[in-house]
Amino acid sequence: MSAGASQNGTPSGQPADPVASGGRASALRRQFDASFAMAAAESAAERLDGVLAIRLGQDPYALRLTEILGLHADRNIVPVPSPVAALLGIVGLRGKMAPVYDLGVLLGYPPVAQSPRWMIVADAPPSAGAVGLFVGLAFEVFEAHVRVPPAAFAQSEAAEKPGGGAPRQHLRGTVHAAGMLRPLIQMASVMETIRGNKR
Amino acid sequence: MTDNWTFGKKIAAGFALAFLLLTAIGTVAYRSISTLTSTSEWVTHTHEVLEHIAGVLSLAKDAETGQRGYVITGDEAFLEPYETGAGGIPAMVKELRKLTADNPSQQKRIDAAEPILEAKLAELKQTVDLRRKGSIDEVTRIVRAGEGKKFMDELRKILEQMDNEERTLLKQRAEEVAAAASGAQATIIYGTLFCLLCVTIVGTLITRSLGSQIGSSVGQIQSSSAELQAAANQQATATREQATAMSEISTTINELLATSRQIAESAQRVAQIAGQTAGAARSGDATVATAHESITAIRRQVDLIVNHMLELGKKSQQIGAVLDIVAELAEQTNILAINATIEAAGASEAGKRFAVVADEIRKLADRVAGSTKEIRGLIDDVRSSVNTTVMTTESGSKAVDAGARQFSEVAAAFGQIAGLVSTTTEAAREIELSTKQQATAVEQVNVAITSAAQATKETEASSGQTLQTAVELSGLSRALLRIVQPQTPTAARAAE
């Protein structure tokens, strides 16, 4: 949420006088109208990639929007007994049942007492010798949805985990988003891990 | 026993003894002298009797002599002895009889001699008569008859007997006189000696007793006079010191008097100032009452402010609740926009346009969220300010309460001050009055001290006199001791 503020709004905490608020409201209105006035092709030609800025524990991470199916909040997760530590329970999504995993645990963080509020939905198509996946991945803090230019991405074989020392197989590259450099979580790798657990 | 007798008693006893002895000696001597006197009278009486006896004989001889002369001469001149003798004989015999009335034997002899005398006188008369008549012969015959001589011889014989007896008596009485004189002499000598002895013994005893008593008393007097002298010396010294102290006291009292007057003036000023203070305290009391009313009004205003502020806080809370809903809506809108973007990415070219719309919606939601956040911050600021204001106002209210209480206390204190100041005023006046009385009393004391100083000076003078008297008394006692005690060297040293 602070991402929007950092890009478009006045920094919070500063006093907003009525004149300024009125000015801001009219500016917002103009911007909103202008977005509809511009050509669609021009808007699309920018090729901005959507990225979700999240936080696991105290560490910032980023997710490509193209790698997930949706974002949800405050979903009712029904807990199920399981030997898998990362499995929190199951949840109903658009008429389908889906297991919910703790993304933090999958990335090597210790489990938290309360189930995380936020959840993304991801899938993996069935491949040779493997079943298709449709899972929810819960995490603690959703920071912002930002659109970044391609230059913001940096490729690397295995990005360093910000805290250092943990598994690196799910992190591929970094992105500068929401005011800081964030490791990118690769959903395919995560799905592979879940699939390995299932096996 | 006699040790307890007084001087007068002892001296009276000594004199009484001497008196008794003198009385006894006097009585005895008186008796002896009475005896001697009566014995001497008897001797004189005997001599008188002897003279009368001799007188009778002499008268008879004179008468005979005259008769013979006349008879012989016839001269009438020779008759004078005759007439004298003849005329005196009876009276002489009568006296002799009277004188010898106590002696019967002499009376008998007188009785015997009387007729003889009468006869002789008759014979003489006869012869004289005869001669006158001239009868010389007759006369011669009668004379020659010897009758006359016979009468005379008998008369001489009787008178000689009488004379002898009287002389015997005279001798006897002379012996008696000598014995009486000797007894009286012995009585006087021995009695006087005895009396002297007794008086000497008693006098010695009394002298010793009185001497020892007076000596011890005089010794005591001497030691007492020495003590008196020392005491008089001490008294004189003490009196001088007392006089000095009196002078110092008088000076101090004068200073005290001046101080008392200053205190009285100060107390008067204090009373005036206390009166002014009481007035100031009363006006201060009124001012405090006005201030108290103002504070009560401020208190009411502060209560109103607090209520309004609390109301403002409630409203802010309500705004916050509404804002929560708006924020949640914005979040949900954001989620929807994200999901729409995801869905649009999976669609075709139309999906791209939809993605643009969804992105705009997301931006809008972001802005709403940002504005909501701002509003929340503002509301938080408002609530914080309200809380701060409420707290400040409440503390101000408490301060006002405390101020009101303090003003009440100040008002009470002003009341107390007014009361105390009135008490102080009274006390100051009492102090003033008391100090004036004290000053008067101190003046009286000063007068008394001056009198006492005068008296002390007189006492000093009299103590000097006492000292002199003590010295004189000491000298007198030494002199008295020298008088009553033998002056031995030890005694002399003791007397010194």
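Residues numbered from 1 in each chain as written. Chains lettered and ligands numbered in written order. Predicted model: local features only at pLDDT ≥ 70, side-chain atom pairs only at ≥ 80, totals over all residues.

**What about the overall build of chain A?**
Helix and strand content of chain A: five helices and eleven strands. Per-residue burial over chain A gives 29% buried out of 199 residues. Across chain A, the fraction of contacts at a sequence separation of at least 24, relative to all contacts at a separation of at least 6, is 55%. (Helix = DSSP H or I, 4+ residues; strand = E, 2+ residues; numbered from the N terminus. Buried ≥ 20, exposed ≤ 12 C-beta atoms within 10 Å, placed from the backbone. Contact = placed C-beta atoms within 7 Å.)

**Focus: the overall build of chain B**
When you go through chain B residue by residue, the secondary structure sums to seven helices and zero strands. Taken across its 496 residues, chain B has 21% of its residues classed as buried. Put simply, 85% of the contacts in chain B that link residues at least 6 apart link residues at least 24 apart.

**Digging into the nonpolar core**
Counting 53 residues, the largest nonpolar core has A53, A62, Y101 and L137 of chain A as its most contacted members. It is helix 6 (residues 349–484) of chain B that provides the largest number of residues to this core, a total of seven residues. The contacts of A62 of chain A, once residues within four sequence positions are left out, are V51, L52, A53, V175, A177, R182, P183 and L184 of chain A. Within the second largest apolar cluster, 28 residues are counted, among which are V49, V71, V128 and I158 of chain B. (Core = buried A, V, L, I, M, F, W, Y, C linked by C-beta atoms within 7 Å.)

**Here's the deal with the sheet that holds strand 7 (residues 133–139) of chain A**
Residue and element names in this part refer to chain A. In space, the five strands of this open sheet follow the order 3-6-7-5-4, with mixed pairing throughout. Only two strands of the sheet have a single neighbouring strand rather than two, namely strand 3 (70–73) and strand 4 (87–93). Along the sheet, successive strands turn relative to each other by an average axial angle of 30 degrees, direction set aside. Relative to strand 6 (residues 118–124), strand 3 runs antiparallel, the two being bridged by four bridges. From the neighbouring strand, G70 faces strand 6, where its bridge partner is V121. (Pairing = 2+ DSSP bridges. Axes fitted to C-alpha atoms, helices over the stretch in contact; angles between N-to-C directions.)

**Digging into the environment of P116 of chain A**
All names here are of chain A. Along the chain, P116 turns up in the loop between helix 4 (103–106) and strand 6. Residue P116 is classed as buried on the basis of its 20 C-beta neighbours within 10 Å. Measuring from C-alpha to C-alpha, the distance between P116 and D102 comes to 7.8 Å, with 14 residues separating the pair along the chain. Not counting residues within four places of it along the chain, the set of residues in contact with P116 comprises D102, A138, F139 and E140.

**Here's the deal with unusual backbone geometry**
The bulk of non-glycine residues show a negative phi, and the bulk of peptide bonds are trans. Residues and elements named next belong to chain A. The phi torsion at R94 lies on the positive side, around 50 degrees, for a residue other than glycine. If you trace the backbone, R94 turns up in the loop between strand 4 and strand 5 (96–102). By C-beta crowding, R94 is classed as exposed, having 8 other C-beta atoms within 10 Å. The backbone of A178 shows a phi angle near 55 degrees, a positive value even though the residue is not glycine.

**Topic: the packing of helix 1 (residues 7–73) of chain B against helix 5 (residues 147–346) of chain B**
All names here are of chain B. Between helix 1 and helix 5, whose axes approach to 9 Å, the crossing angle comes to 170 degrees. Considering the angle they form, helix 1 stands roughly antiparallel to helix 5. Partitioned by chemical class, the residues of the contact of helix 1 with helix 5 number 39 nonpolar, twelve polar and seven charged. (Parallel < 35°, antiparallel > 145°, perpendicular 65-115°, else oblique. Nonpolar A, V, L, I, M, F, W, Y, C, P; charged D, E, K, R; others polar.)

**Side note on the sheet that holds strand 9 (residues 153–154) of chain A**
Hydrogen bonds along the backbone pair up the strands of a sheet, which may run parallel or antiparallel. Residues and elements named next belong to chain A. Reading across the sheet, the six strands line up as 8-1-2-11-10-9 and stay open at both edges, with mixed pairing between neighbours. Whereas interior strands pair on both sides, the edge strands pair on one side only; in this sheet they are strand 8 (141–148) and strand 9. Note: strand 2 (residues 59–64) against strand 11 (residues 180–185), two bridges, orientation parallel. Paired with A62 across the two strands is L184, which belongs to strand 11.

**What about the environment of R31 of chain B?**
Relative to the helices and strands, R31 of chain B resides in helix 1. Distance in space between the C-alpha atoms of R31 of chain B and A180 of chain B is 9.4 Å, their sequence separation being 149 residues.

**Overview of the environment of V471 of chain B**
Along the chain, V471 of chain B falls in helix 6. For the pair formed by V471 of chain B and A230 of chain B, sequence separation is 241 residues and the distance between their alpha carbons is 9.8 Å.

**Some remarks on the pairing of strand 5 of chain A**
Residue and element names in this part refer to chain A. Counted residue by residue, strand 5 has five buried out of seven residues, so it is predominantly covered. Note: strand 4 against strand 5, six bridges, orientation antiparallel. Note that in strand 5 the partner of I90 across the bridge is P99. Here strand 4 folds back onto strand 5 in antiparallel fashion, the turn holding two residues, of which R94 has a positive phi close to 50 degrees.

**Concerning the packing of helix 2 (residues 79–99) of chain B against helix 3 (residues 104–133) of chain B**
Residue and element names in this part refer to chain B. It is at 11 Å that the axes of helix 2 and helix 3 come closest, and there the two elements cross at 165 degrees. With respect to each other, helix 2 and helix 3 are oriented roughly antiparallel. As helix 2 packs across helix 3, the resulting crossing turns out to be left-handed. Contacts between helix 2 and helix 3 involve L79, Y82, A86, I89, V93, L96 and R97 from the former and Q107, I110, E114, L117, L121, L124 and V128 from the latter. Across the contact of helix 2 with helix 3, the residue classes tally to eleven nonpolar, one polar and two charged. (Left-handed = near helix turned anticlockwise from the far one by under 90°.)

**With respect to the confidence of the model for chain A**
Residues and elements named next belong to chain A. Here chain A averages 77 in pLDDT, and 75% of its residues register 70 or above. Here helix 1 (residues 2–7) stands out as the least confident element of chain A, with mean pLDDT 37; strand 5 is the most confident, with 92. pLDDT under 50 marks residues 1–16. Its contacts with residues more than four places away, or in other chains, come to 38 contacts. (pLDDT = per-residue confidence, 0-100.)

**Focus on the confidence of the model for chain B**
Predicted coordinates in areas of low pLDDT are best not read in detail. Of all residues in chain B, 97% attain a pLDDT of 70 or more, and the chain-wide mean is 84. If you check the scores for this complex, the pTM reads 0.43 and the ipTM reads 0.77.

**Looking at helix 3 of chain B**
Residue and element names in this part refer to chain B. In this model, helix 3 (30 residues) spans 43 Å end to end at C-alpha, consistent with the 44 Å of a helix rising 1.5 Å per residue. Of the positions making up helix 3, those classed as buried are Q106, R109, I110, A113, I116, L117, K120, L121, E123, L124, T127 and V128. Of the surrounding secondary structure, the elements contacted by the buried residues of helix 3 are helix 1, helix 2, helix 4 (136–145) and helix 5. Positive backbone phi, at 95 degrees, marks G134, one or two positions downstream of helix 3. (Expected span 1.5 Å × (residues − 1).)

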